[in-house]
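# Chain and residue survey
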Amino acid sequence: MSAPTPTTKPQIRHQARAARQALNDRHARSQQIAQRLHTLAEYQSAHTVMLYVSVREEVSTADLITAALENDKKVVIPYCRDGELQLFHLQNLDELTPGAYGIPEPPSDLRTQPDRIATTDQLDIILVPGVAFDIHGARCGHGKGYYDKLLQSAKDKTPLIALAFDCQIFPKIPTESHDVDMDKIITESRIYPAA
């Protein structure tokens, strides 16, 4: 008898995290997700790309960031300051140092340089992490709401693309009024055209 399908956000987070930790080939799966991303018209035409800096068991973005920089895309990364995500123009992965929650982030001396400060209206596409997603585009993060606040300020026409492993996809995730849905979710096996 299979385990019951989780229905609350805490249950979904717990199951998604456990499933993601159990994956033994995350790097290969991340490469498959990156290949799918590179085929998206929205990504190909984007000049300025927001990418998260992956940690722990997330879909790896180090190669994606490197490839974007090599292909003359402007790369913007989020970092946390005073409970909110700020945006930084990244020119090289070597600029990052360990920050909040162990997440690599830009050092404070670079953050204040005017040419390094970015805003959501400059972004052509936003690539989003998450703990779990459903097939309709609902996202379940870590529960702090950082990304939801940031994404609410994004332009309506800026594509929101989530990167996730298949094991992070659920039939239905409960949502609240502040939750922001994804336009698409890319996994190692498919692209969900969330509507």
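The structure presented is a predicted model; accordingly, all values stated were derived computationally and were not measured.

Next up on the list: the sheet that holds strand β9 (residues 139–140). Pairing between the strands of a sheet is mediated by backbone hydrogen bonds and can be parallel or antiparallel. In space, the 3 strands of this open sheet follow the order β9-β8-β11, with mixed pairing throughout. Each end of this open sheet is capped by a strand with a single partner; those strands are β9 and β11 (169–170). One ladder, built from 2 bridges, connects strand β8 (residues 132–134) with β9; its direction is antiparallel. When the sheet's bridge partners are listed, Phe133 is paired in β9 with Arg139.

Our next topic: the environment of Gln152. Looking at the element boundaries, Gln152 is found in helix α6 (residues 146–152). For the pair Gln152 and Ser30, spaced 122 residues apart in the sequence, the C-alpha separation amounts to 27 Å. Among residues more than four places away in sequence, those in contact with Gln152 are His178 and Val180. Here His178 takes part through its backbone oxygen, which lies 2.7 Å from a polar atom of the side chain of Gln152.

Here the focus is unusual backbone geometry. Even without glycine at this site, Arg56 takes up a positive phi of about 45 degrees. Position of Arg56 among the secondary structure elements: in the loop between β1 (48–50) and α4 (62–70). Here Asp82, not a glycine, exhibits a phi torsion of approximately 55 degrees, which is positive. With relative accessibility at 75%, the residue Asp82 sits in the exposed group.

Cut-offs used in this document
Residues numbered from 1 in each chain as written. Predicted model: local features only at pLDDT ≥ 70, side-chain atom pairs only at ≥ 80, totals over all residues. Heavy atoms only, no water. Pairing = 2+ DSSP bridges. Helix = DSSP H or I, 4+ residues; strand = E, 2+ residues; numbered from the N terminus. Contact = heavy atoms within 4.5 Å. Polar contact = N/O pair within 3.5 Å; in protein donor to acceptor, adjacent residues only side chain to side chain. Buried < 20%, exposed > 50% of the residue type's maximum accessible area, 1.4 Å probe, protein only.

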